[in-house]
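Examination of the molecular architecture
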Amino acid sequence: MNIQFSLGKNIPYTAIEISDEITAEDLAERYREETPWPAVAAIINHEVKPLITPIHENDTVQLLDIRNKQAYLIFQNSLILLFICSVRQILGNVHVEVMTSLNDGLFLQVMRHGEDGEFQVVDMSEDDVARTYFYMKKMVQEDHPIEAKMFRRKEAMEILKETGLTEKYRSLQRVKVDETVRIYTLEGYSDFFYNYMVPSTGYVSKFELMKYREGLLLRHPSAQNPGVIPDYVDEYRVYNALKEQRQWNHLLGVQYQADINDRIESGAYRTLIKLSEALHDKKIVEIADRISKEEKKVVLILGPSSSGKTTFAHRLIIQLMVNGMKPLYIGTDDYFVEREDTPLDADGQKNYENIDALDLPLFNRQMKDLLEGREVDMPVFNFKTGHKEFGKRKTRLARNGVIVIEGIHAFNHLLTRQLPEESKFRIYISPLTQINLDSHNRIPTTDTRVIRRIVRDNRNRAHTAAMTLHLWPKVREGENKNIFPLSNEADVFFNTVHVYEMTVLKKYAVPLLKEVRQEEEEYAEAQRLLRLFRYVDSLDDESIIAGDSILREFIGGSIYTD
């Protein structure tokens with residue numbers, strides 16, 4: 001039979017003839033020498049499918065390695081399943097919580113029931129960690145099959161209940177239709193993941209396992225370089241922010257998405273929203289107080305796309321004013337070089353995310369003049385003409401003033417190299433963690449951000465979800481270069497997530513994601529996000545969400561951005 005076949009993204013499809021009864025895995029093995037990295041999934045007729053999927057006449061098939069977002073998550077979920085099975089072999093009937101992504105991997109906690117019936121974290125010894133790691137390696141070498149079997153939803157719920165995964169039982173209760181559910185089994189252990197798995201343990205051969213603070217780090221290759229596990233750097237500031245969020249969640253009385261769904265169903269969501277917003281207020285006040293106490297003169301705010309930087313900056317400015325300071329907000333967009341001087345990227349296109357796209361000498365000179373009390377004629381960039389205009393914004397920093405700078409290069413030393421280091425206070429903001437669906441199925445923080453952006457881009461720019469999803473890899477590329485490597489330089493982290501926000505975003509995002517057509521390249525990613533929303537109840541009542549909420553920056557009604 002004939003199919004259209006591609007070895008990967010941006011590689012043209014070609015017509016090939018194959019035998020009957022062949023799977024995507026068979027194709028991946030046949031063409032392994034022609035692909036840079038092993039395939040872990042495939043796009044078949046515009047939908048991501050596991051490698052075990054049979055191929056039929058006239059199918060279009062593209063192989064995916066972990067450079068693809070969905071393939072990366074399939075690899076990660078398979079590694080989680082391998083870890084769970086292995087640690088249970090070493091420690092017995094323990095419970096595993098996949099807390100969040102951290103340090104190019106996953107932060108995990110192994111737990112047992114305490115005397116009070118509640119889960120207590122197991123402080124694994126170095127020997128236990130080593131034994132678990134070597135058992136995982138043994139499983140990889142022996143290449144055990146990961147079996148997938150479909151069950152009716154109610155049957156699957158009973159299996160999970162018997163396994164002790166009661167939070168997954170609750171999660172499946174929220175699925176509105178009695179659809180079939182895929183249960184994965186490895187070495188007698190059965191579990192539910194809303195994403196697919198690799199066919200066998202041999203596909204997840206590269207990983208590290210190490211003790212880390214109150215848990216473990218399961219580290220693996222990144223999507224940027226599938227062949228190498230990145231060098232270890234202790235992201236302790238991120239960890240501290242994540243620990244603070246867990247404490248907040250405990251205060252809010254929620255652990256999983258099912259808890260929030262229950263609040264919506266019972267009508268008790270209003271207190272949840274108020275508390276979540278109050279915790280943001282409390283943290284912003286703490287940051288403003290620290291800036292005032294340390295007498296900082298330059299506040300630098302950095303964060304990836306759709307973090308809520310604009311709203312955060314305005315709320316911080318208000319608290320600084322409460323402390324008797326006079327903030328001067330400066331956006332770096334007004335300091336672009338003249339359009340004809342903009343550097344080009346590898347494709348010959350103007351690269352506005354390059355640090356050299358900014359007039360660094362002018363910016364440094366004017367910031368230095370402001371700190372030294374001189375009047376400055378600040379530019380206003382005219383995006384129609386592509387040139388800076390002067391004479392419209394002459395200003396001087398007040399004696400008790402503070403400069404607030406927000407932009408993708410805020411932490412780049414070239415941006416503020418002429419300013420005294422002791423005058424600077426760096427704030428990194430991002431939705432650092434989202435509440436998980438259950439103990440093993442987490443909502444990646446990048447999903448929170450892209451969903452926020454889909455909603456905002458549609459409202460502000462009339463962009464379709466397909467347009468936003470198409471541009472997203474380029475956005476991520478810029479973040480990986482200009483933002484994430486500098487996050488550890490922050491004096492403080494601010495987690496902009498609200499535990500309830502997926503329930504609010506759902507009614508905006510789902511109709512937009514459903515509009516993505518099957519023939520469009522972004523269809524597969526849209527379908528994955530739609531699968532995620534199956535386990536999230538929709539909250540239609542927005543009346544309790546304040547006008548200064550970070551969430552308002554995306555859904556509308558913001559007192560700062562609308």
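Per chain, residue numbering runs from 1 following the sequence as it is written. Residues qualify for local features only when their pLDDT is at least 70, as the model is predicted, and side-chain atom pairs are given and counted only at 80 or more; totals for whole chains, interfaces and linings, by contrast, use all residues. Only heavy atoms go into the side-chain values, all of them from the structure, while hydrogens and water stay out.

Digging into the nonpolar core
In terms of nonpolar packing, the biggest core is built from 122 residues, with F5, L27, I55, L81, F83, L172 and L513 touching the most fellow members. Put simply, DSSP marks the helices as runs of H or I at least four residues long and the strands as runs of E at least two long, and each gets a number from the N terminus on. At 15 residues, the largest contribution of residues to this core is made by helix α2 (residues 69–91). The contact rule is simple, with two residues in contact once any of their heavy atoms fall within 4.5 Å. If we ignore the near neighbours within four places in the chain, the residues touching L513 are I454, A465, L469, A526, L529, L530 and F533. By nonpolar core is meant a set of buried Ala, Val, Leu, Ile, Met, Phe, Trp, Tyr and Cys residues that side-chain atoms within 4.5 Å join together. We call a residue buried when its accessible area falls under 20% of the maximum for its residue type, exposed when it is over 50%, and partly exposed in between, using a 1.4 Å probe and counting protein chains only.

Side note on the sheet that holds strand β20 (residues 401–406)
With parallel pairing, the five strands of this open sheet are ordered in space as β15-β20-β14-β21-β22. Looking at strand neighbours, the two that pair on one side only are β15 (326–331) and β22 (492–495), the edges of this open sheet. Within this sheet the neighbouring strands show an average axis-to-axis angle of 25 degrees, counted without direction. Sheet topology note: the strand β14 (residues 298–302)/β20 ladder contains four bridges and is parallel. Looking at β20, one finds that V298 is bridged to I403. Each axis is a line fitted through C-alpha atoms, and for a helix only the stretch in contact is used; angles between axes span 0 to 180 degrees, taken between their N-to-C directions. Across the sheet, helix α10 (residues 360–371) touches β14, β15 and β20, and the angle it forms with β20 is around 160 degrees. Note: two strands are recorded as paired if DSSP finds a minimum of 2 bridges between them.

Regarding the pairing of β14
Across the five residues of β14, five count as buried, placing the element largely inside the fold. The side-chain alternation of β14 yields two buried faces, one formed by V298, L300 and L302 and the other by V299 and I301. Summarising the sheet, β14 and strand β21 (residues 424–430) pair through five bridges and their orientation is parallel. Its bridge partner lying in β21, L302 is registered against Y428.

Examining the sheet that holds strand β9 (residues 147–152)
The three strands are arranged β9-β10-β11 in an open sheet whose pairing can be described as antiparallel. The outermost strands of the open sheet, each flanked by one partner alone, are β9 and β11 (189–192). When strand polarity is set aside, the average angle formed by the axes of neighbouring strands in this sheet is 35 degrees. As judged from the four bridges shared by strand β10 (residues 180–186) and β11, these two strands associate in the antiparallel manner.

Structural notes on the environment of M150
Within the element layout of this structure, M150 appears in strand β9. Classification of M150 as partly exposed rests on a relative accessible area of 40%. Placed 32 residues apart in sequence, M150 and R182 show a C-alpha to C-alpha distance of 4.5 Å. Sequence-distant contacts of M150, that is, excluding residues within four places in its chain, are made with T180, V181 and R182.

Structural notes on the pattern of salt bridges
Where charged atoms from two side chains of opposite charge come close, those side chains can pair. One speaks of a salt bridge when a side-chain nitrogen belonging to Lys or Arg is within 4 Å of a carboxyl oxygen belonging to Asp or Glu. One pass over the full model with this rule turns up 39 salt bridges. Bridged by salt links that share partners, the residues K69, D447, E525 and R528 form one connected network.

Structural notes on the environment of Y335
With respect to the element layout, Y335 can be found in the loop between β15 and α10. Along the primary structure Y335 and E57 are separated by 278 residues, whereas in three dimensions their C-alpha atoms are 56 Å apart. Y335 has contacts with I330, A357, L358, D359, L362, F363, Q366, M367, M378, P379 and K388, leaving out every residue within four places of it along the chain.

Quick look at helix α9 (residues 309–322)
The α-helix advances 3.6 residues per turn, and as a result positions three or four apart in sequence lie on the same side. With 14 residues, α9 should reach 20 Å at 1.5 Å per residue; the first-to-last C-alpha distance of 20 Å fits that figure. Those residues of α9 that sit buried are K309, T311, F312, A313, R315, L316, I317 and L320. Backbone geometry just downstream of α9 places G324 in the positive-phi region, at approximately 90 degrees. To estimate how far a helix should reach, multiply one less than its number of residues by 1.5 Å.

Quick word on the packing of aromatic side chains
Each pair of aromatic rings taken from Phe, Tyr and Trp, with Trp reduced to its six-membered ring, is defined by centres within 6.5 Å and is described as stacked if the planes are under 30 degrees apart, edge-to-face if over 60, and tilted in the remaining cases. Tallied over the entire structure, the rule returns 15 aromatic pairs. Judged by centre distance (5.3 Å) and plane angle (75 degrees), the ring pair of Y133 and F134 falls under edge-to-face. Y133 sits in the partly exposed class, given a relative accessible area of 22%. Each residue in the set F336, Y352, F381 and F383 is aromatic and connected to the rest through ring pairs, giving one cluster. Only when the NZ of Lys or the CZ of Arg is both within 6 Å of the ring centre and within 35 degrees of the ring normal is a charge said to sit over the ring. Residue placement shows K168 over the ring face of F193; its charged tip is 4.6 Å from the ring centre.

Brief notes about the packing of helix α11 (residues 445–461) against helix α13 (residues 501–514)
At a closest axis distance of 9 Å, the pairing of α11 and α13 adopts a crossing angle of 60 degrees. Between α11 and α13, the crossing angle belongs to the class labelled oblique. Where α11 crosses over α13, the handedness of that crossing is left-handed. Across the interface between the two elements, T448, I451, R452, I454, V455 and N458 from α11 touch E501, M502, L505, Y508, A509, L512 and L513 from α13. Small angles under 35 degrees read as roughly parallel and large ones over 145 as roughly antiparallel, with 65 to 115 read as roughly perpendicular and the rest as oblique. By the definition used in this description, the sense in which the near helix is turned from the far one sets the handedness, with an anticlockwise turn below a right angle giving left-handed and a clockwise turn giving right-handed.

Quick look at unusual backbone geometry
Non-glycine residue N58 carries a positive phi angle of around 70 degrees. Within the element layout of this structure, N58 appears in the loop between β4 (47–49) and β5 (60–64). On the basis of relative accessible area, N58 is assigned to the exposed category, the value being 60%. We note that A462 has phi near 60 degrees; this positive angle belongs to a residue other than glycine. For A462, the position within the fold is in the loop between α11 and α12 (465–482). According to the relative accessible area criterion, A462 is exposed, its value standing at 60%.

A look at the confidence of the model for the chain
Put simply, the chain has an average pLDDT of 93, and 99% of its residues get 70 or more. Ranking the helices and strands of the chain by mean pLDDT puts helix α3 (residues 126–142) first, with 98, and helix α5 (residues 166–173) last, with 83. Note: pLDDT gives the predictor's confidence per residue, expressed from 0 to 100.

Observations regarding the side chain of T342
Checked against the element boundaries, T342 lands in the loop between β15 and α10. T342 gets classed as buried once you look at its relative accessible area, which sits at 7%. Polar contacts, as counted here, are pairs of nitrogen or oxygen atoms within 3.5 Å of one another; within protein the pair requires one atom able to donate a hydrogen and one able to accept it, and residues that are adjacent in sequence qualify only if both atoms are side-chain atoms. Engagement of the side chain of T342 in a polar contact is seen with the backbone oxygen of R339, the distance being 3.0 Å.

Observations concerning the environment of H463
Relative to the elements of secondary structure, H463 occurs in the loop between α11 and α12. For H463, a relative accessible area of 16% gives the class buried. Note: C-alpha distance between H463 and L512 (49 residues apart in sequence) is 9.7 Å. When residues no more than four places from it in sequence are discounted, the contact partners of H463 are D457, N458 and T468.

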